[in-house]
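# Summary of the model geometry
One letter stands for each residue in the lines below.
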Amino acid sequence: MTTYSGEITLETKGEPQIIDITSEVEGHVESSGIKSGLITVFVTGSTGAITTLEYEPGLLKDLPAAFERFAPREAVYEHHLRWQDGNGHSHVRAAIIGPSLTIPIIKRRLPLGTWQQIVFLELDVRPRQRKLIVQVIGEK
Ligand code: ZN
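Let me sum up the structure you'll find in this document.

Calculation rules
Residue indices follow the written sequence of each chain, beginning from 1 at its first position. Given that this is a predicted model, residues contribute local features only at a pLDDT of at least 70 and side-chain atom pairs are listed and counted only at 80 or more, while totals for whole chains, interfaces and linings are drawn from all residues. Heavy atoms from the whole structure form the basis of all side-chain values; hydrogens and water molecules are not counted. Note on donors: an N, O or S atom is included if it sits within 2.8 Å of the metal, or within 3.2 Å for Na, K and Ca, and water is never included, so sites can look incomplete. Every geometry call rests on angle ranges, with four donors termed tetrahedral when all angles are between 85 and 135 degrees, four termed square planar and six termed octahedral when opposite donors are over 155 degrees apart and all others are between 65 and 115, and everything else termed irregular. Think of it this way: any DSSP run of H or I at least four residues long counts as a helix, any run of E at least two long counts as a strand, and we number them from the N terminus. Burial status follows relative accessibility: with a 1.4 Å probe on protein chains alone, a residue under 20% of its type maximum counts as buried, one over 50% as exposed, and anything between as partly exposed. Pairs of residues are marked as contacts when any of their non-hydrogen atoms sit within 4.5 Å. Paired strands, as defined in this entry, are two strands with at least two bridges between them according to DSSP. Fitted lines through C-alpha atoms give the axes, limited to the stretch in contact for helices. The angle between two N-to-C directions lies from 0 to 180 degrees. A pairing counts as a salt bridge when a side-chain nitrogen of Lys or Arg comes within 4 Å of a carboxyl oxygen of Asp or Glu.

## A word on the coordination of the zinc ion
- Those donors, H79 (NE2), D85 (OD), N87 (OD1) and H91 (NE2), are the protein atoms that reach the zinc ion, and they lie 2.0 to 2.4 Å from it.
- Around the zinc ion, the 4 donor atoms are arranged such that angles at the metal cover 88 to 175°; this shape is classified as irregular.
- Counting residues between consecutive donors of the zinc ion along the chain gives the motif H-x5-D-x1-N-x3-H. Taken together, the residues span a long stretch of sequence, with H79 in helix α3 (residues 78-83) and H91 in helix α4 (residues 88-97) at a distance of 12 residues.
- You can call H79 partly exposed: its relative accessible area is 26%.
- H91 sits in the partly exposed class, given a relative accessible area of 22%.

See below:
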């Protein structure tokens, strides 16, 4: 078994920002040389999240609208009352989506659907410099 490590760095603008990272992730699959295995992408930090989405203009509005329904910006957050940092909703949204994604590698490729892109979600209230950790394990 072989392992490979990499990084994806992003300069974000603050919420709500949805960034398509599919080509960067596929680039790491290629660089790893792994034919069969798993790739994990993980964000360091608790106000960013990673998932998959059909990256089209409708959903780029629908997903932030759903965030506003289940964790509204204007609600009262104990986190904010404690730290005064204004991002209680960011933490709640990020916790529900999750900080990582694992995808199988089959014959050197990711078996993504045609309309399934890998996305990083910037959920914090301010621009951030994000570091995503990429780890690949498998057989060459
Ligand atoms: Zn906070």
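## Brief notes about unusual backbone geometry
- Each neighbour pair has its own omega, and for E15 with P16 the value is -20°, a cis peptide bond.
- Inspection of the secondary structure assignment puts P16 in the loop between β1 (2-11) and β2 (17-20).
- Phi at K107 takes a positive value of approximately 50°, unusual for a residue other than glycine.
- Tracing the backbone through its elements, the reader meets K107 in the loop between β5 (100-105) and β6 (117-122).
- Positive phi, normally seen in glycine, also occurs at R108, with a value near 65°.
- Relative to the helices and strands, R108 resides in the loop between β5 and β6.

## Comments concerning the environment of L121
- Considering the arrangement of structural elements, one finds L121 in strand β6.
- Counting along the chain gives 106 residues from L121 to E15, while the straight-line C-alpha distance between them is 8.2 Å.
- Discounting residues that sit within four places of it in the chain, L121 has contacts with Q17, I18, T47, G48, A49, T51, L63, F67 and I97.

## Considering the sheet that holds strand β7 (residues 129-139)
- Ordered by their spatial adjacency, 4 strands build an open sheet running β1-β7-β3-β5, and the pairing between neighbours is antiparallel. If you trace the sheet from one side to the other, it starts and ends with β1 and β5, each paired once. For this sheet the average axis-to-axis angle between neighbouring strands, irrespective of direction, equals 15°.
- Lying over the sheet, helix α1 (residues 22-32) contacts β1, β3 (36-43), β5 and β7, oriented at roughly 155° with respect to β1.

## Digging into the pattern of salt bridges
- Considering all chains together, one arrives at 7 salt bridges under this definition.
- As a salt-bridge pair, E7 and K131 come within 3.9 Å of each other at their nearest N and O atoms. On the criterion of sequence distance, the pair formed by E7 in strand β1 and K131 in strand β7 is long-range, its members being 124 residues apart.
- Judged by its relative accessible area of 43%, E7 is partly exposed.
- Classification of K131 as partly exposed rests on a relative accessible area of 39%.
- A salt bridge links E15 to R73, with the shortest nitrogen-to-oxygen separation between them at 3.8 Å. Of this pair, E15 sits in the loop between β1 and β2 while R73 sits in the loop between α2 (57-70) and α3, and the two are 58 residues apart along the sequence.
- Residue R73 is classed as partly exposed on the basis of its relative accessible area of 37%.
- Connected through shared salt-bridge partners, E15, E68, R73 and R93 make up one network.

Note that every value here comes from positions in space, so none of it alone points to a role or purpose.
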